[in-house]
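What follows is the residue order along each chain.
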Amino acid sequence: MITLTHYLVLSAILFSIGLVGVMKRKNLLMLFFSTEILLNAVNIGFAAVSHYYNDLSGQMFAFFIIAVAASEIAVGLGLLVLWYKKTGSVDLDSLQTMKG
Amino acid sequence: MFEVIAFYTFSILTIIMFGIVVLSKNALYAMSALAGGMIFIAGFFFLLGAEFLGVVQIVVYSGAVMALYAFGMMFFDTTRDVKENIHYKKVLYSLFIASAILIVIIMSAPIYSANIEAFYPAVIDGVGNIQMVGLILFTKYLIPFELAAVMLLVSMISGILLVSKRMEMNLTEEDHYEEKGEII
């Protein structure tokens, strides 16, 4: 029998995979992929809690997270394309203009 | 029994897919694996009885977001491998340790979750998931819903403005503009 703990542990494992990606990646596009993984891991946790406690609030929050993720991609990818046109690189180090 | 098999199959597949996303050197492979992982996550939502959330996951993530990424990738050079050089090993290691502590805290959270009680146990017999989602979304969560709509509108306008600024001078007509710095 699958319990709530199974889903929460799976959500934590996926979240940690996303965290490793956020720390390891230097390419900005890959960094966006890792943030998607983080948001999806949280969504699984919300849906599982909402199912096991018979409360739909968790699903509502998952919907709003999906809306936030969609708008984040629209704005972020627009900025990324603009930056690539300007500098010809999507590397995280190319954002570093100040010495320190 | 079916639920157990489905849960373990989907979780193994999702972890493998997201592992490929994080570790792969090729941006195209990472994007395809991410799309696959999103669809497997929709499988979890169907297992949990959240049909509407699963459909939204497939439509929005695997449809819209992945199409957006594929569109954005046309601007970047994706054929060569992603080169990543890490300068500061110390910072990386301390971040890994901090995140390990965070993971321990997250893993211990299910111990406390036994004491949670639902504030609004909102499931009526004979009303399906999608109908119930509609009922709650347009009563209790009406203001966040409208705010999300405004936010999506703002992000749509900003996305259009950012990418299509001076549309006649984009990368496809690069021959006229030798230096990339002058395009913007």
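In this numbering scheme, every chain counts its residues from 1 along its sequence in written order. Just so you know, chain letters begin at A and ligand numbers begin at 1, following the order they were written in. For a predicted model such as this one, the threshold for reporting local features is a pLDDT of at least 70, and the threshold for listing and counting side-chain atom pairs is 80 or more; totals across whole chains, interfaces and linings nevertheless cover every residue.

Re the overall build of chain B
Line of reasoning, step 1. Looking only at helices and strands, chain B features six helices and zero strands.
Line of reasoning, step 2. Where helices and strands are cited, they refer to DSSP runs of H or I of at least four residues and of E of at least two residues respectively, numbered from the N terminus. Listed N to C, the secondary structure of chain B is α-α-α-α-α-α in terms of helices and strands.
Line of reasoning, step 3. With C-beta atoms placed from the backbone, a residue counts as buried when 20 or more other C-beta atoms lie within 10 Å of its own, as exposed when 12 or fewer do, and as partly exposed for counts between those limits. Burial analysis of chain B (184 residues in total) assigns 16% to the buried set.

Some words on the overall build of chain A
Line of reasoning, step 1. For chain A, the count of helices and strands is three helices and zero strands.
Line of reasoning, step 2. Reading the secondary structure of chain A in the N-to-C direction produces α-α-α.
Line of reasoning, step 3. In terms of principal-axis extent, the alpha carbons of chain A reach across some 50 × 25 × 20 Å.
Line of reasoning, step 4. When the 100 residues of chain A are sorted by exposure, 50% land in the buried category.
Line of reasoning, step 5. Throughout, a pair of residues is in contact if the C-beta atoms placed from their backbones lie within 7 Å. When contacts within chain A are restricted to residue pairs at least 6 apart in sequence, those whose partners lie at least 24 apart make up 49%.

Quick look at the interface of chain A and chain B
Line of reasoning, step 1. Across the contact, 61 residues belong to chain A and 69 residues belong to chain B.
Line of reasoning, step 2. For the side of chain A that touches chain B, the secondary structure elements donating two or more residues are α1 (4-24), α2 (28-52) and α3 (57-87) of chain A.
Line of reasoning, step 3. Take the side of chain A that touches chain B: its biggest share by element is 22 residues, from α3 of chain A.
Line of reasoning, step 4. Residues of the side of chain A that touches chain B, tallied by class, amount to 39 nonpolar, 15 polar and seven charged. The residue classification treats Ala, Val, Leu, Ile, Met, Phe, Trp, Tyr, Cys and Pro as nonpolar and Asp, Glu, Lys and Arg as charged. All others, Gly included, are polar.

Let's talk about the confidence of the model for chain B
All names here are of chain B.
Line of reasoning, step 1. Scored by pLDDT, chain B comes out at a mean of 80, with 74% of its residues at no less than 70.
Line of reasoning, step 2. For every residue, the predictor states its confidence as a pLDDT score lying anywhere from 0 to 100. The spread of mean pLDDT over the elements of chain B runs between helix α4 (residues 89-112), the lowest at 76, and helix α1 (residues 2-23), the highest at 92.
Line of reasoning, step 3. Model confidence for the complex is summarised by a pTM of 0.82, with the ipTM given as 0.89.

Notes on α2 of chain A
All names here are of chain A.
Line of reasoning, step 1. The end-to-end C-alpha distance of α2 is 37 Å, a good match for the 36 Å that 25 residues give at a rise of 1.5 Å each.
Line of reasoning, step 2. Within α2, 19 of the 25 residues are buried, leaving the element largely enclosed by the surrounding structure.
Line of reasoning, step 3. Positive backbone phi, at 55 degrees, marks N54, one or two positions downstream of α2. Take the number of residues in a helix, subtract one, and multiply by 1.5 Å to get its expected span.

A look at the environment of L162 of chain B
Line of reasoning, step 1. Tracing the sequence through the fold places L162 of chain B in helix α6 (residues 142-163).
Line of reasoning, step 2. Overall, L162 of chain B belongs to the partly exposed group, with 17 C-beta atoms counted inside 10 Å.
Line of reasoning, step 3. Not counting residues up to four positions away in its chain, the partners in contact with L162 of chain B are G78, L79 and L82 of chain A.

Details of the confidence of the model for chain A
Line of reasoning, step 1. Per-residue confidence for chain A averages 86 on the pLDDT scale, and 98% of its residues sit at or above 70.
Line of reasoning, step 2. When mean pLDDT is compared element by element in chain A, α2 of chain A scores highest at 90, while α1 of chain A scores lowest at 87.

Points about the packing of helix α2 (residues 27-47) of chain B against helix α3 (residues 51-73) of chain B
Two quantities define a packed helix pair, namely the angle between the helix axes and the distance between the axes.
All names here are of chain B.
Line of reasoning, step 1. In this description, a line fitted to the C-alpha atoms serves as the axis of each element, helices being fitted only across the stretch in contact, and the angle between N-to-C directions of two axes falls anywhere from 0 to 180 degrees. Two elements in contact, α2 and α3, have axes whose closest approach is 8 Å; the angle formed by their N-to-C orientations is 170 degrees. In terms of their interaxial angle, α2 and α3 are classed as roughly antiparallel. Side by side, α2 and α3 meet where A27, M31, A35, M38, I39, I41, A42, F45 and F46 of the first sit next to E51, L53, G54, Q57, I58, Y61, S62, M66, Y69, A70 and M73 of the second.
Line of reasoning, step 2. Considered class by class, the residues forming the contact of α2 with α3 number 16 nonpolar, three polar and one charged. Geometric relationships in this document are graded by angle, where less than 35 degrees denotes roughly parallel, more than 145 denotes roughly antiparallel, 65 to 115 denotes roughly perpendicular, and other angles denote oblique.

Remarks on unusual backbone geometry
Line of reasoning, step 1. Not every positive phi belongs to a glycine, and N54 of chain A is a case in point at roughly 55 degrees.
Line of reasoning, step 2. The residue N54 of chain A is located in the loop between α2 and α3 in this model.

Examining the packing of α2 of chain A against α2 of chain B
Line of reasoning, step 1. Interaxial distance between α2 of chain A and α2 of chain B falls to 11 Å at its minimum, and their mutual angle equals 10 degrees. On the basis of the axis angle, α2 of chain A is roughly parallel to α2 of chain B. Across the interface between the two elements, L29, M30, F33, E36, N40, I44 and A47 of chain A from α2 of chain A touch A27, A30, L34, M38, I41, F44 and F45 of chain B from α2 of chain B.
Line of reasoning, step 2. By residue class, the composition of the contact of α2 of chain A with α2 of chain B is twelve nonpolar, one polar and one charged.

As for the nonpolar core
Line of reasoning, step 1. The term nonpolar core refers to a group of buried residues, namely Ala, Val, Leu, Ile, Met, Phe, Trp, Tyr and Cys, whose C-beta atoms join them within 7 Å. Within the largest apolar cluster, 55 residues are counted, with the highest numbers of intra-cluster contacts made by L14, L29, F33, I44 and A47 of chain A together with V21 and A30 of chain B.
Line of reasoning, step 2. Counting only elements with at least two residues in this core, the list comes to α1, α2 and α3 of chain A together with α1, α2 and α3 of chain B.
Line of reasoning, step 3. Ranked by the residues each element gives to this core, the list is headed by α2 of chain A, at twelve residues.
Line of reasoning, step 4. Excluding residues within four positions of it along the chain, A47 of chain A makes contact with G58, Q59 and A62 of chain A together with F44, F45, L48, A50 and L53 of chain B.

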